[in-house]
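# Coordinates in review
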Amino acid sequence: MDAPLAVRARGITKCFGDVVALDGIDFDVAPGRIHGLAGPNGAGKTTLLGLLLSLAVADEGRLEILGAPVGRALTAPDGVSGFVDGPGLYPSLTARQNLAALAKLGGHPVGDVLEQVGLADVADDRVRGFSLGMRQRLGLAAALLTSPRLLVLDEPANGLDPAGKKHVHGVLERLAAAGTAVVLSSHRMDDLEALCTEVTILATGRVAFTGPLAELSAENGELEYRLRTSDPAAARRVIEETRASIVPPEPRTDPEVLLVRAKVPALDELVRRLVHTGVAVRELAPVVSPLEAAFLALTGQEALR
Ligand SMILES: Nc1ncnc2c1ncn2[C@@H]1O[C@H](COP(=O)(O)OP(=O)(O)OP(=O)(O)O)[C@@H](O)[C@H]1O
């Protein structure tokens, strides 16, 4: 029999007084997937992650975690760990002491998880002196102590430098490859694109999109691209013969660069024609990534060029 879904949410609603933080949320996460949660400030991401960790209880709807219905108890089901609003750590204790305090609840050796998140060298330093990125990594280490089958992380890349981010992404990818489901929120669309195969986009407490990232790809809509060629005047003439269109330039746009709006098939046709005409393509890149474009469209926000 197939393993149960790590998360199955149907019609989840959560209010705080008059504020409807979540309004009929449906979404699924299968084992071994890294599922990204995106949405503007106040969209309900942290509230949803909190429900997955049993930090709060939904007002309405049905939530199943690792195949079992979630009741009203405010304790995370076995196999679930993570954090929202930053990891809870004791600043006066060292990294190792913080984990040792938590390890009483869990099974994984403290030294192993410190090694996994790249904090072995500072294991005996007090957390008070840790940077935001180091605290995030220590929070992840704490979540790994129990070898979770569902890992829930609110903005785990917050404060991480590029190397730290790469390291943390590697840890999460290895966990997912071993069958752990990871649900994480981020405001960085590039991080979500690098790490996740599926996303849920929330807008004012509702699901604007949930599913594979590939479904949000450029084929579903027109995107704007920066096009730099060896001959902008000739390129402009070629564009006019295709289904692509030229976007009027902003005053500060480099005159060598044309902004082109097109769907992927029209873009393919354009590149073929440019090459055929002897115009070299020196740069062709989306102004915003397909995920960011979808995010902005679905949440009613404007792209900045
Ligand atoms: N404990 C609470 N009491 C009252 N209102 C709350 C509480 N927690 C969340 N809210 C409200 O619920 C809505 C959703 O908040 P939530 O923190 O889940 O959004 P978010 O998507 O995580 O936002 P951000 O990106 O800013 O972290 C907001 O309107 C927020 O003000």
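In this text, all values refer to a predicted model and were calculated from it rather than measured experimentally.

## A short note on the overall build of the protein
Check the secondary structure of the protein and you find nine helices and 14 strands. Residues counted as buried form 39% of the 305 residues belonging to the protein. Counting only contacts in the protein whose residues sit at least 6 apart along the sequence, the fraction spanning at least 24 positions is 70%.

## Examining the environment of Ala120
With respect to the element layout, Ala120 can be found in the loop between helix H3 (110–116) and helix H4 (132–144). Spatially, the C-alpha atom of Ala120 lies 36 Å from that of Val57, the residues being 63 residues apart in sequence. Each residue touching Ala120, except ones within four places of it in the same chain, is listed here: Leu114 and Glu115.

## Quick look at the site of the ligand
Residues in close proximity to the ligand include Phe16, Val19, Ala21, Gly39, Asn41, Gly42, Ala43, Gly44, Lys45, Thr46 and Thr47, which together make up its full environment. When contributions to the shell around the ligand are tallied by element, the ones reaching two or more residues are strand E2 (19–29) and helix H1 (45–52). Counting residues per element, the shell around the ligand draws most heavily on H1, which supplies three residues. Along the lines of polarity and charge, the residues of the shell around the ligand split into four nonpolar, six polar and one charged.

## Some points on the domain arrangement of the protein
Where the parts come together, the accessible area they lose is often given as the size of the interface. Once the domains are mapped, the protein shows domain 1 (7–216) and domain 2 (218–298). Between the C-alpha centres of domain 1 and domain 2 there is a distance of 38 Å. The interface is formed by twelve residues belonging to domain 1 together with eight residues belonging to domain 2. Contributions of two or more residues to the side of domain 1 that touches domain 2 are made by helix H6 (189–195), strand E9 (198–203) and strand E10 (206–212).

## Examining unusual backbone geometry
Phi at Glu155 takes a positive value of approximately 50°, unusual for a residue other than glycine. In this fold, Glu155 is placed in the loop between strand E7 (150–154) and helix H5 (162–177). Judged by the 22 C-beta atoms lying within 10 Å of it, Glu155 is buried.

Cut-off values and rules
- Residues numbered from 1 in each chain as written.
- Predicted model: local features only at pLDDT ≥ 70, side-chain atom pairs only at ≥ 80, totals over all residues.
- Helix = DSSP H or I, 4+ residues; strand = E, 2+ residues; numbered from the N terminus.
- Buried ≥ 20, exposed ≤ 12 C-beta atoms within 10 Å, placed from the backbone.
- Contact = placed C-beta atoms within 7 Å.
- Near = placed C-beta within 6 Å.
- Nonpolar A, V, L, I, M, F, W, Y, C, P; charged D, E, K, R; others polar.
- Domains from an automatic or database assignment.

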